[in-house]
Amino acid sequence: MKLSDDFDDRNAGVPLLYMTVGVLLFAVTVIGIVVLSNKKPSGGRAGVTEETMAAGAETEDTHVQEQESEGKDPYISGSKLTSDDLDFWHMYDETESPEEEEKKKKEQEEEKEQDPSTDGKHTRLVAEDGTEEWVSINPYLTKNTYDFSGLVYQYPIMKYYEDSERVSRVGVSVSAEDGEINFGRLKKAGVDFAMIRIGSRGYGSGNLMADDMFYENINKATEAGMDVGVTFYSQAVTTEEALEEAYRVIEGLQGFTIVYPVAFDMEYVKNDTARVQGLSRDQKTEIARTFMDAVQQAGYKVILYGDKEWLIRRVDLSKLISYDVWFSQDEDTPDYPYKFTMWEYTKNAKLDGMSEPARLSVCFIDYASK
């Protein structure tokens, strides 16, 4: 039976309509499920989680009870981890290669060498105003080789030992400024020799002056059995004046036995201006050499006196290497790098036999037998 064309057109769109509605319903259902699941856990899932946690707790309790019944610590015995497995503090430490370590070590050594206080190539100078500086040690000058661990200070006497044997002698410096001196009591107190001022040149006037107590001091010291040397305070500003000073000393020593040196002492004056203040380093060096050469040619031992700043900064030691050095420094241990034979270690000692503070020196050689 053939249907009419009107019937076909009316019924052809019905299945298509149903299909479209079905697809839309399916899509809405899926979207709803997704939205609900993201918004809140389902009751069934929460239930599973609670049940699982309860089951795990029950299992753990059972395990603890079993471990305790066997006499074991349930929180340790069941673990196979060691302390090394738990050490995570150094897990990110960087290890240096041998090359890097060597480079670092070299840099540290170079830094140490650049430090003047430890490089062994510098020595510290302190000026009169207290300022400090590190100056290079002259590699061509002879260094002292004393082992200062051998120094023993039994106030006020300083002694020096080598191989448990005392090799030093103690001396006192005296002048008219010290007044009357009992050299016998000084000797009993441990003093072996005396360095007696014979004269000086005025630092302002330039006049030569004999020490008022020289003859009395040298006679009393000799009678007390002390060895004797002398000092002269120079303010010569020319080599001619230096020769004049030397000849005056040589003349004044006639008739006396001098076994310790004649000391050349040239210094600035505290809180005043000395005649030698304006001299250059070379001029002071030449004046010192002129004086000591003349005295030495007359048959006497000679020695250059000075503190560290004077010896290193004010004169040229490289031109005075043939003379002994009498180093002055009020310290427990001298830090003069070059060779010296005498060290004046204090200017303020209290000593039986003197009313004024005593200036004491330790001599590292015995000039009496030299």
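Residues numbered from 1 in each chain as written. Predicted model: local features only at pLDDT ≥ 70, side-chain atom pairs only at ≥ 80, totals over all residues. Heavy atoms only, no water.

Novice: Could you clarify how one ought to interpret the sheet that holds strand β3 (residues 151–154) in this entry?
Specialist: Sheet strands pair via backbone hydrogen bonds, and the direction of the pair is either parallel or antiparallel. Read across the sheet, three strands follow the order β3-β4-β5 without closing on themselves; strand pairing throughout is antiparallel. Edge positions in the sheet fall to β3 and β5 (165–166), since each has one partner strand and no second. (Pairing = 2+ DSSP bridges. Helix = DSSP H or I, 4+ residues; strand = E, 2+ residues; numbered from the N terminus.)

Novice: Sorry, what's going on with the nonpolar core here?
Specialist: Buried together is how nonpolar side chains tend to be arranged in soluble globular proteins. Counting residues in hydrophobic clusters, the biggest one holds 72 residues, and the most contacted among them are Val172, Leu186, Leu253, Phe291, Met292, Tyr336 and Trp343. The greatest single-element share of this core, amounting to six residues, is contributed by helix α9 (residues 281–297). Not counting residues up to four positions away in its chain, the partners in contact with Phe291 are Phe232, Ala242, Glu245, Ala246, Val249, Val262 and Phe264. Core analysis: the second largest hydrophobic core is formed by 10 residues, Phe193, Met195, Tyr305 and Tyr367 among them. (Core = buried A, V, L, I, M, F, W, Y, C linked by side-chain atoms within 4.5 Å. Buried < 20%, exposed > 50% of the residue type's maximum accessible area, 1.4 Å probe, protein only. Contact = heavy atoms within 4.5 Å.)

Novice: I tried to follow helix α7 (residues 214–223) on my own but got confused; where do I start?
Specialist: Helical geometry note: an α-helix holds 3.6 residues per turn, so side chains three or four residues apart project in the same direction. Of all the residues in α7, the buried ones are Phe214, Asn217, Ile218 and Ala221. One face of α7 carries all of its buried residues, which in axial projection span an arc of 95 degrees. Buried residues in α7 make contact with β6 (169–174), α6 (183–188), β7 (193–201), β9 (227–233) and α8 (239–252). (Arc of directions from axis to C-beta.)

Novice: When you look at the pairing of β9 in this model, what are you seeing that I'm missing?
Specialist: Residues in a regular strand project their side chains so that they alternate between the two faces of the sheet. When you tally the buried positions in β9, you get seven out of seven residues, the bulk of the element. When β7 meets β9, the two strands line up parallel, connected through seven bridges. Each bridged residue has a counterpart across the sheet, and for Met195 the counterpart in β9 is Gly229. Examined bridge by bridge, β9 and strand β10 (residues 262–265) share four bridges and lie parallel to one another. Across the sheet, the residue bridging to Phe232 is Phe264, located in β10. With α8 bridging β9 and its parallel neighbour β10, the resulting β-α-β unit is right-handed. (Right-handed = clockwise from strand over helix to strand, strands pointing away.)

Novice: It is not clear to me how the pattern of salt bridges should be interpreted in this structure. Could you clarify?
Specialist: Across all of its chains, the model carries 17 salt bridges by this definition. Here Glu133 and Arg313 are joined by a salt bridge, their closest N and O atoms 2.5 Å apart. Pair noted here: Glu133 is in strand β2 (residues 132–136) and Arg313 is in helix α10 (residues 308–314), with a separation of 180 residues, a long-range link. Residue classification places Glu133 among the partly exposed residues on the basis of a relative accessible area of 38%. Note on Arg313: relative accessible area 33%, which makes it partly exposed. Members of the salt-bridge network, linked through shared partners, are Arg169, Asp227 and Asp366. (Salt bridge = Lys/Arg side-chain N within 4 Å of Asp/Glu carboxyl O.)

Novice: Just checking my understanding: could you explain the environment of Gly171 for this structure?
Specialist: Following the sequence through the fold, Gly171 ends up in strand β6. Expressed as a C-alpha distance, the spacing of Gly171 and Val191, which sit 20 residues apart in the sequence, is 5.6 Å. What Gly171 contacts, discounting residues up to four positions off in sequence, is Val191, Phe193, Arg359, Leu360 and Ser361.

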